[in-house]
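Tertiary structure, described
Residues per chain, in single letters:
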Amino acid sequence: MNLAQFPRRGYVKTPTPIEFLPNFSKALGGKVNVYIKRDDLLPGCSGGNKTRKLDFCIADALAKGADTIITCGAVQSNHCRLTLSWAVHEGLDCHLVLEERVPGSYNAEASGNNFLFQLLGVKSITVVPGGSPMLDEMEKVAEKLRAEGKKPYIIPGGASNEIGALGYVGCAQEIMQQMFDMGINFDHVFVPSGSAGTHAGMIAGFVGNNMNIPMSGIDVSRPGDVQQEIVYNLAQKVLNKLGTGIEMPKDKVVCYGDYYLPGYSRPNDAMIEAVKLLAQTEAILLDPVYSGKAFAGMIDLIRKGNFAEGSNILFLHTGGSPALYAYMPTFRQ
Ligand SMILES: *Cc1c(COP(=O)(O)O)cnc(C)c1O
């Protein structure tokens, strides 16, 4: 699929590595070979998946003459950290609206991404209660800035619209080329599924390129059926935007809603085990909110024997490790 038809800033300079995880695979019994796609190593302050999406979103903002970016996220949002990071890089102002999804969880003195918001020089932070209409809240900030003569551009939560999701079509095509170069065929791919741009872009890229590799999304914030509808709708929009004429097959969008409980950003034992296991077998850091829970889901499905002996499984590591430092007591128990 032709991504060159859309403006892009070039934040993704080289393919992120795909690495075999020999010690981790052995720790799981050695029946399957687990590989990891290191999108945690993408450029931008502390890396992560939002860089691929912002590559397209910020290009669109600049094409529209913006001098200011407004976006939103949870109180420890990686997306907010990376949007701010790229705004700094481009010389744009950046304002954040943070949703307190867990009541009382915002703390201006908090560690992790919250600390980085300040260090990177955020222009303003507006905190709103969980469940607030985030687009309206960002529009209020935009209105105020327009009155001051600014030209704000709103990037939705997670940069998960059909512009941002193009970044993960790019990742799908990157993986296709790497598979060829490495001489390896993956039998299954796992992705974390949150605001859905990553999952939707990846599945649109896999379907659009006829890759014939099953993909599972592990939900981090919603039940399976709810998430599936969101991913499916966005994936269809992406295929339309690319002018493919392809109708997204609904059964290709697979979402597991069993692994995020007790709720978004709230720790569970399987996440803690997954983060520790990968750190102690391969020295790779996951995060407590997204990649840790998604990795825990993959571990569970492998342990249940869902994959034939000798299968090659790829996990997309979306980043997020700065949030670990805001969860230290969780891991010290
Ligand atoms: C945002 C995020 C995700 C989820 O990606 P979506 O595109 O929002 O579904 C996964 N992992 C990390 C570390 C993230 O910051």
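1. Notes on the site of the ligand
Taken together, 17 residues lie near the ligand, and Lys-50, Lys-53, Ser-195, Thr-198 and Thr-318 sit nearest. In the model, a nitrogen atom of the ligand is placed 2.6 Å from a nitrogen or oxygen of the Thr-318 side chain. When residues of the shell around the ligand are traced back to their parent elements, those giving at least two are helix H2 (50–63), strand E7 (188–193) and helix H7 (197–208). Class assignment for the residues of the shell around the ligand results in three nonpolar, 11 polar and three charged. In terms of domain composition, the shell around the ligand takes at least three residues from each of domain 1 (3–48 + 162–332) and domain 2 (50–159).

2. Quick look at the domain arrangement of the protein
The assigned domain composition of the protein is domain 1 (3–48 + 162–332) and domain 2 (50–159). When each unit is reduced to the centre of its C-alpha atoms, the spacing between domain 1 and domain 2 is 24 Å. Each side of the interface is counted separately: domain 1 has 38 residues, and domain 2 has 32 residues. Taken over both partners, the interface formed by domain 1 and domain 2 buries close to 2800 Å², and the fraction arising from carbon and sulfur atoms is 62%. Area buried by domain 1 at its contact with domain 2 is led by Arg-9, Tyr-11 and Cys-45, which between them contribute 24% of it. Linking domain 1 to domain 2 there are 14 residue pairs in polar contact (both at pLDDT 80 or more).

3. Details of the state of the cysteines
This model, assessed by the stated rule, comprises zero disulfides. Cys-80 provides the cysteine sulfur closest to Cys-72, a residue in no disulfide bond, and the two sulfurs are 6.5 Å apart. The buried category is assigned to Cys-72, whose relative accessible area is 6%. Cys-171 supplies the cysteine sulfur nearest to Cys-255, a cysteine that is in no disulfide, at a spacing of 17 Å.

4. As for unusual backbone geometry
Here the residue pair Leu-261 and Pro-262 is connected by a cis peptide bond, since its omega of 15 degrees sits within 30 degrees of zero. Tracing the backbone shows Pro-262 in the loop between strand E9 (255–256) and helix H9 (269–282). A positive phi angle is found at Ser-46, which is not glycine, with a value near 70 degrees. On the secondary structure map, Ser-46 appears in the loop between strand E2 (33–38) and H2. According to the relative accessible area criterion, Ser-46 is partly exposed, its value standing at 41%. Positive phi is not limited to glycine here, since Ala-283 has a value of about 55 degrees. Along the chain, Ala-283 turns up in the loop between H9 and helix H10 (291–303). For Ala-283, a relative accessible area of 66% puts it in the exposed group.

5. As for the sheet that holds E7
A sheet is described by the order of its strands in space; here six strands give the open sequence E1-E2-E10-E7-E8-E9, paired in mixed fashion. Looking at which strands have only one partner, the edges of the open sheet turn out to be strand E1 (18–20) and E9. The pairing of E7 with strand E8 (residues 215–219) spans five bridges and is classified as parallel. Bridge pairing in E8 links Ser-193 to Asp-219. In the packing of H10 onto the sheet, the strands contacted are E2, E7, E8, E9 and strand E10 (312–317), and the crossing angle to E10 comes to about 165 degrees.

6. Comments concerning the pattern of salt bridges
Where side chains of opposite charge bring their charged atoms close, a pairing between them can arise. For the structure shown, the criterion picks out 16 salt bridges. The salt bridge involving Arg-52 is made with Glu-174; its shortest N-O contact spans 2.9 Å. With Arg-52 in helix H2 and Glu-174 in helix H6 (residues 166–182), the pair connects residues that are 122 residues apart, well separated along the chain. Taking the relative accessible area as the measure of exposure, Glu-174 reaches 13% and is therefore buried. Measuring nitrogen to oxygen at the nearest pair gives 3.0 Å for the salt bridge that ties Arg-146 to Glu-143. One end of the pair is Arg-146 and the other is Glu-143, both in helix H5 (residues 134–147) and three residues apart, which spans about a single turn. Judged by relative accessible area, which is 47%, Glu-143 ranks as partly exposed.

Rules of the game
Residues numbered from 1 in each chain as written. Predicted model: local features only at pLDDT ≥ 70, side-chain atom pairs only at ≥ 80, totals over all residues. Heavy atoms only, no water. Near = heavy atom within 4 Å. Polar contact = N/O pair within 3.5 Å; in protein donor to acceptor, adjacent residues only side chain to side chain. Helix = DSSP H or I, 4+ residues; strand = E, 2+ residues; numbered from the N terminus. Nonpolar A, V, L, I, M, F, W, Y, C, P; charged D, E, K, R; others polar. Domains from an automatic or database assignment. Contact = heavy atoms within 4.5 Å. Buried area = accessible area lost by both parts, 1.4 Å probe. Disulfide = S-S within 2.5 Å. Buried < 20%, exposed > 50% of the residue type's maximum accessible area, 1.4 Å probe, protein only. Pairing = 2+ DSSP bridges. Axes fitted to C-alpha atoms, helices over the stretch in contact; angles between N-to-C directions. Salt bridge = Lys/Arg side-chain N within 4 Å of Asp/Glu carboxyl O.

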